[in-house]
Amino acid sequence: MRVTTAVIPAAGLGTRFLPATKAVPKELLPIIDVPALQLIIDEAVGAGIEHIVIVNSRNKPAIEAYFADAPEIIEKLIASGRPEMAERMRALGRDVRVSFAYQHAALGLGHAVGCARDVVGHEPFAVMLPDELMGSSELLGVMCDVCVSSGGSVVGLKRVPRDEVGAYGVIDPIGDINADGVVAVRDLVEKPAVADAPSDLIIIGRYVLTPDVFTAIEHLKPGAGGELQLTDALRVQAGSGPFHGVLRDVRRYDTGNPVGWLSAVVELALDHPQYGPAFRTELRRVIGEPNL
Ligand code: G1P
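Figured I'd write up the structure that's included with this text. Being a predicted model, the structure only gives us computed values, none of them experimental.

Our next topic: the site of the ligand. Near the ligand the following residues occur: Leu129, Glu132, Tyr168, Gly169, Glu190, Lys191, Ile203, Tyr207, Gln229, Thr231 and Arg252. Between an oxygen atom of the ligand and a side-chain N or O atom of glutamate 132, the distance comes to 2.6 Å. At 2.7 Å from an oxygen atom of the ligand is found a side-chain nitrogen or oxygen belonging to lysine 191. Compared with its free state, where it exposes 380 Å², the ligand has 74% of that area covered by protein. Class assignment of the residues belonging to the shell around the ligand gives a composition of four nonpolar, three polar and four charged.

As structure tokens, this is what we get:
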């Protein structure tokens, strides 16, 4: 068995990034020259995912448009001698299967994942929050392996300073983290008060879930912030079978807010094979730092 489906909840309003996100979905904001959503899909494909399920809102048709055929653009690129870009455009939405499900009301992450139930079917699947860029497929790949070998759900983890845990889901670990960064999970709590947090290990936006989570989602009651929280459905799973976390010291950019987005763009641009050298020179000029 392999994990081949990933759900990307993308129906959010992007209020942290207004007014840019009034007309452009935050998932399509560019990271240099590609939409953030494409980097999430590249990460998924690198971890063996073959089918992407985007949970969209009817108010964000630009996301579907990104995957639609664009013969007029391809023709133009070929005519102007840019066959590589023409090929890149042709591959969008073709090198991986992309399906859509719809969330009609912003009732929470648990509800959003539940909207993908019929498209996912009865198999383990990944959930990838598109605000969070990981920069590599390694974490998700290991999480898929742990789900297959343990038969239970898996969450991606990062250690943060104690005073930051209140903004996240936090796990209650059983025993030590092993040499591969894998730890068993007894319980999880969404956005605890710092004093009540069971650890400093937060859930980052990567999950690999067994399909019984849909039953737990169906029975969810409003939790933290009055929302139907995915973390509360995961508590049910952790209480009844194997459940693990995988800890990685990933860079993790939160591109859903302006400063996180800027950090991602600047850091990735400095390393970019095409734009990096010129951008570095320009940035040195801007900040007056000769050693950058
Ligand atoms: C969501 C999850 C939370 C997780 C976080 C990661 O929270 O509910 O458990 O730690 O994503 O970014 P949100 O950021 O939507 O409030």
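Evaluation of the coordinates by the stated rule reveals 17 salt bridges. One salt bridge in this structure joins glutamate 218 and arginine 117, with 2.6 Å as the shortest N-O distance. Here glutamate 218 is found in helix 9 (residues 213-218), whereas its partner arginine 117 is found in helix 7 (residues 117-120), with 101 residues between them in sequence. Here arginine 285 makes a salt bridge to glutamate 282, at a shortest N to O gap of 2.6 Å. Of this pair, arginine 285 and glutamate 282 both sit in helix 12 (residues 276-287), three residues apart, which is roughly one turn of that helix.

Considering all chains together, one arrives at zero disulfides under this definition. Here cysteine 144 is not disulfide-linked; the sulfur of cysteine 147 is the nearest cysteine sulfur, at 7.4 Å.

About the criteria used
Residues numbered from 1 in each chain as written. Predicted model: local features only at pLDDT ≥ 70, side-chain atom pairs only at ≥ 80, totals over all residues. Heavy atoms only, no water. Near = heavy atom within 4 Å. Polar contact = N/O pair within 3.5 Å; in protein donor to acceptor, adjacent residues only side chain to side chain. Areas by Shrake-Rupley, 256 points an atom, 1.4 Å probe, with all protein chains shown as cover. Nonpolar A, V, L, I, M, F, W, Y, C, P; charged D, E, K, R; others polar. Salt bridge = Lys/Arg side-chain N within 4 Å of Asp/Glu carboxyl O. Helix = DSSP H or I, 4+ residues; strand = E, 2+ residues; numbered from the N terminus. Disulfide = S-S within 2.5 Å.

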